[in-house]
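# Working through the structure, step by step
Below are the chains, spelled out letter by letter.
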Amino acid sequence: MAIFWKHVTRSSSLLQRFKRHVTVANSGHHSHFLPSRSVTTSEGHRPFIVHKRSLDILHDPWFNKGTAFSMTERDRLDLRGLLPPNVMSTHLQIERFMVDLKRLEVQARDGPSDPNALAKWRILNRLHDRNEVMYYKVLIANIEEYAPVVYTPTVGLVCQNYSGLFRRPRGMYFSAQDRGEMMSMVYNWPSEQVDMIVVTDGSRILGLGDLGVQGIGIAIGKLDLYVAAAGINPQRVLPVMIDVGTNNEKLINDPLYLGLQQHRLDGDDYLAVVDEFMEAVFTRWPNVIVQFEDFQSKWAFKLLQRYRNTYRMFNDDVQGTAGVAIAGLLGAVRAQGRPMIDFPKQKIVVAGAGSAGIGVLNAARKTMARMLGNNEAAFNSAKSQFWVVDAQGLITEGRENIDPDALPFARNLKEMDRQGLREGASLVDVVKQVKPDVLLGLSAVGGLFSKEVLEALKGSTSTRPAIFAMSNPTKNAECTPEEAFSILGDNIIFASGSPFSDVDLGNGHIGHCNQGNNMYLFPGIGLGTLLSGARIVSDGMLQAAAECLAAYMSDEEVLQGTIFPSISRIRDITKEVASAVIKEAVEEDLAEGYHGMDPRELRKLSQDEIAEYVKNHMWNPEYPTLVYKQD
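None of the values given here were measured: they were computed from a predicted structure.

Rules and cut-offs
Residues numbered from 1 in each chain as written. Predicted model: local features only at pLDDT ≥ 70, side-chain atom pairs only at ≥ 80, totals over all residues. Heavy atoms only, no water. Salt bridge = Lys/Arg side-chain N within 4 Å of Asp/Glu carboxyl O. Helix = DSSP H or I, 4+ residues; strand = E, 2+ residues; numbered from the N terminus. Buried < 20%, exposed > 50% of the residue type's maximum accessible area, 1.4 Å probe, protein only. Expected span 1.5 Å × (residues − 1). Disulfide = S-S within 2.5 Å. Pairing = 2+ DSSP bridges. Axes fitted to C-alpha atoms, helices over the stretch in contact; angles between N-to-C directions. Parallel < 35°, antiparallel > 145°, perpendicular 65-115°, else oblique. Contact = heavy atoms within 4.5 Å. Nonpolar A, V, L, I, M, F, W, Y, C, P; charged D, E, K, R; others polar.

Our focus in this paragraph is the pattern of salt bridges. In this structure the tally under the stated criterion is 36 salt bridges. Lysine 137 is the partner of glutamate 622 in a salt bridge, and the nearest nitrogen-oxygen pair spans 3.3 Å. Taken as a pair, glutamate 622 in the loop between helix H27 (607-615) and strand E16 (626-628) and lysine 137 in helix H6 (residues 132-141) lie far apart in primary sequence, 485 residues in all. Lysine 137 sits in the buried class, given a relative accessible area of 18%. A salt bridge links aspartate 266 to lysine 298; its shortest N-O distance comes to 2.6 Å. Placement of the pair is aspartate 266 in the loop between helix H12 (249-252) and helix H13 (267-284) and lysine 298 in helix H14 (residues 297-307), with a sequence separation of 32 residues. Classification of aspartate 266 as partly exposed rests on a relative accessible area of 40%. Within the structure, one salt-bridge network assembled from shared partners comprises Lys65, Glu73 and Arg76.

Listed below in structure tokens is the structure:
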């Protein structure tokens, strides 16, 4: 798949059409013109018509500007006298908020068991409830500091405590008690247009298990990143919880738990609820994209296969995790000073065979096969590069009741005999015998990469072995960077799912800790799918996203051990990933266009013009001018 695209001829008639769409009104934004074609957003930033005023505006977080309302707006919206007289700039508003946040961090804690991260989440959440624009302005400006607060690892703590943290409704809840009513329920959501839905059933939140209805915290956190990283308009996102009960006995017996206090539905009853939800949301919003999040392995693959060829949807745990892992694996090859085309030669030991582990295995196998010729022989050859270890040890063909999803990666018994391994061999034994290039952890078992396992990796035949401790949240990471670098020295590549600090190795040497988090990909996959109007999210679009991320870092950065970029560059990364997804959707003839851009016009855009098209459709947190009109 080409990373670089050919420049194409442009038509003057299309140029005129784009110019007619340009609107610059009270926006704080500037239209961006390339030398020969405008690809600015067709939405622009016109004054926004509202049908409420006075206190109703101040209590609506979508339109509230707080002290930033101008005097003319205060008159138009009957706000004069309801706010202090000093009109503040957004810069001063943020400065005032940040001073308050730093002061309240400790005071907002609910006793010694409530960490500062959760206190920060509380304060940010209150801002979110009051003023959406300012919330996202703060989040984008401080994304490195606050991404771990609104997303992993703090979001895990939020989900565990969500019944106690719940204050104001955010998102929608479809429960097993709502069967037969979802088609009408979906019209209770006030937005006429929804672009992105993140949905969970709470059955496997991160590595924390079944958290039931409290899992909606993960959907809220993911959509915060869709807004901050991809510039999806916050008025067009919808977090969703499908509550079919919980098998967490502690929650069932907790009188303060907010969800259904019954055991989970299963089988056809479960499918009927999810089917009805999908039909309802796509009936009201035919062009919405639905991201499935933290469904237990039992259902993750089944639901993906059930819907992926019918609806615009993807599963981030299966496909997003796989894409980030592929980008990291290709980056590890580059860090060895080798071309990415050498990836099929890598020996990879994978710890974990859940939805994330199997998703990575399938994607890595397809990537290797494509590099080897993309035929059946290449596909069969590629699977020999993987050794999969789960809770019962090495998976071989001798295992009884083997998971069908893991079966393609089960090792041949005779071959394992020659390697000195057997069915159920321990991770330490597998690492000793295989001498892998990569040790990839997707097990959700904290500390799984013990001292013995890391010592065994010293025997790797690689010039620079890679350790990927990808499980979230932080306490579930298979090992820490300090443990890896202290045992194996500085000549390794280290990546984790949750953020860790770099390690000072002394003598001016730094052990780089790469955060291989899904946030690098899912916002760009969603944005690229939206702006291309692709009918489905194809394997090719996901592969394009992964390859784009793998190629993002410079050769110099990669050779220094940095294979993933800084979170501070997340909007630029997302723009590049979205552009790659759009280009692939066009090449696969899946694109149906978006607003004023039809697929024929998309096909005529150069690489730079696609990037500009994406950039100009990314929402920025600027206060619009509000005009009241009686409903």
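Read on, since the account is not over.
Okay, helix H11 (residues 216-230) next. For H11, spanning 15 residues, the distance from its first C-alpha to its last is 20 Å, which sits close to the expected 21 Å at 1.5 Å a residue. Among the 15 residues in H11, 15 count as buried, and that is most of the element. At the exit of H11 stands glycine 231, carrying a positive phi of roughly 70 degrees.

We now examine the state of the cysteines. One pass over the structure, following the stated rule, counts 0 disulfides. Not engaged in a disulfide, the cysteine cysteine 513 finds its nearest cysteine sulfur in cysteine 479; these two sulfurs lie 9.3 Å apart. According to the relative accessible area criterion, cysteine 513 is buried, its value standing at 12%.

The alternating pattern of strand E10 (residues 438-441) places Val438 and Leu440 on one face and Leu439 and Gly441 on the opposite face, and all of these are buried. Where strand E7 (residues 348-351) and E10 come together, 4 bridges link them in parallel fashion. Of the residues in E10, the one forming a bridge with valine 349 is leucine 439. Where E10 meets strand E11 (residues 466-469), 4 bridges bridge the pair, whose relative direction is parallel. Residue leucine 439 lies in a different strand from E11, and its bridge partner there is isoleucine 467.

Topologically, glutamate 293 is positioned in the loop between strand E5 (289-292) and H14. With relative accessibility at 2%, the residue glutamate 293 sits in the buried group.

It is the contact of H11 with helix H22 (residues 522-532), at a shortest axis distance of 9 Å, that shows an interaxial angle of 70 degrees. Taken as axis vectors, H11 and H22 run roughly perpendicular relative to one another. Contacts between H11 and H22 involve Lys222, Leu225, Tyr226, Ala229 and Ala230 from the first element and Phe522, Pro523, Gly526 and Leu527 from the second. A per-class count over the contact of H11 with H22 returns 7 nonpolar, 1 polar and 1 charged.

The next thing to look at is the environment of tryptophan 121. Take tryptophan 121: it is sitting in helix H5 (residues 116-130). For tryptophan 121, a relative accessible area of 13% gives the class buried. The spacing of tryptophan 121 and proline 148 is 27 residues in sequence and 9.7 Å in space, taken between C-alpha atoms. Non-local contacts of tryptophan 121, meaning those with residues more than four positions away in its chain, are made with Val149, Val150, Thr154, Val158 and Leu165.

The analysis is restricted to geometry; functional conclusions fall outside its scope.
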